[in-house]
Amino acid sequence: MLKADIEKRIANSGVMAIVRVETIERGIEIAEGCLDGGVDVLEISYTLPNAGEIIQALDGRFRDRLLIGAGTVLDSETARLAMLAGAKFIIAPNLSKQVARICNRYRIPYAPGCATISEMVQALELGASFVKAFPISNFYGPSLVSIVKTPIPHMPVIASGGVTLDHLSAWIEHGVDCVGIGGLLTKGSKAEISENAKQIREIVLNARNKMK
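Residues numbered from 1 in each chain as written. Predicted model: local features only at pLDDT ≥ 70, side-chain atom pairs only at ≥ 80, totals over all residues. Heavy atoms only, no water.

Caption draft 1: Seen up close, the pairing of strand β3 (residues 67-71). For β3, a buried count of five out of five residues is recorded, marking the element as mostly surrounded by other parts of the structure. Here strand β2 (residues 41-45) pairs with β3 via five bridges, running parallel. Of the residues in β3, the one forming a bridge with S45 is G71. Once you follow β2 into helix α3 (residues 51-62) and on to β3, the crossover reads as right-handed. (Buried < 20%, exposed > 50% of the residue type's maximum accessible area, 1.4 Å probe, protein only. Helix = DSSP H or I, 4+ residues; strand = E, 2+ residues; numbered from the N terminus. Pairing = 2+ DSSP bridges. Right-handed = clockwise from strand over helix to strand, strands pointing away.)

Caption draft 2: Up close: the layout of surface pockets. By volume, the largest pocket amounts to about 180 Å³. In terms of lining residues, the largest pocket is bounded by 14 residues, among which I18, R20, K132, F134 and S160 are the most central. Tallied by class, residues from the lining of the largest pocket come to five nonpolar, six polar and three charged. (1 Å grid on protein atoms, 1.4 Å probe; cavity = no way out; pocket = protein on both sides within 12 Å on 5 of 7 lines; lining within 4 Å. Points joined across faces, edges and corners; volume = space filled by probe spheres on them. Nonpolar A, V, L, I, M, F, W, Y, C, P; charged D, E, K, R; others polar.)

Caption draft 3: Here's a closer look at the packing of helix α4 (residues 76-85) against helix α5 (residues 97-105). It is the contact of α4 with α5, at a shortest axis distance of 8 Å, that shows an interaxial angle of 30 degrees. The angle between α4 and α5 falls in the class roughly parallel. Considering how the two elements wind past one another, α4 and α5 form a crossing that is right-handed. Of the residues in α5, those in contact with S76, A79, R80 and M83 of α4 are Q98, V99, I102 and C103. Considering only residue class, the contact of α4 with α5 consists of five nonpolar, two polar and one charged. (Axes fitted to C-alpha atoms, helices over the stretch in contact; angles between N-to-C directions. Parallel < 35°, antiparallel > 145°, perpendicular 65-115°, else oblique. Left-handed = near helix turned anticlockwise from the far one by under 90°. Contact = heavy atoms within 4.5 Å.)

Caption draft 4: Just helix α1 (residues 3-13), in detail. When we look at burial in α1, the residues that qualify are K3, I6, R9, I10 and S13. Along the axis of α1, the buried residues cluster in a sector spanning 125 degrees; they form a single face. (Arc of directions from axis to C-beta.)

Right, dumping it as structure tokens:
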């Protein structure tokens, strides 16, 4: 899959499940619940040592039905291991020139965590596909996106943290490109995850239709 196609799929989805899971079996259950509800983009966090195994298993099982990336990637070594496991994009809580360089080398989208406009602009200069508003999305809320995009309209923003069903539509209406959601898409049974995914997708689609 080409880098531009991956970027487009992330933006079109508008939702990314942030997954921290200890077993492949639970990873499959979460993935199936998300897919049943219409969410097909998953970030597997490298906060757990088996993240590469989870990525490889999900990529092998679901193929193009699921777009799987690696999260909490702090260094270029982890980034390369994630790519070899099958990760199609790289997400991080920090901005790293080394990670940006290796992602550019292998044509993999990179979304580093940025807390200031200066960091965000630097991320774009380093070739980032998106900037992850982290941890500031928790503190500033949906208006953060329109504030950033007023001086820099082309800034591609992923919100991570602080997104709930109650104000998900506000994030979309303020122009966020994608939202990362954890608990709603990773906790509970497969049926519960599926139901939450359906609600989330419906909110995203309705909010985007209102903006047309």
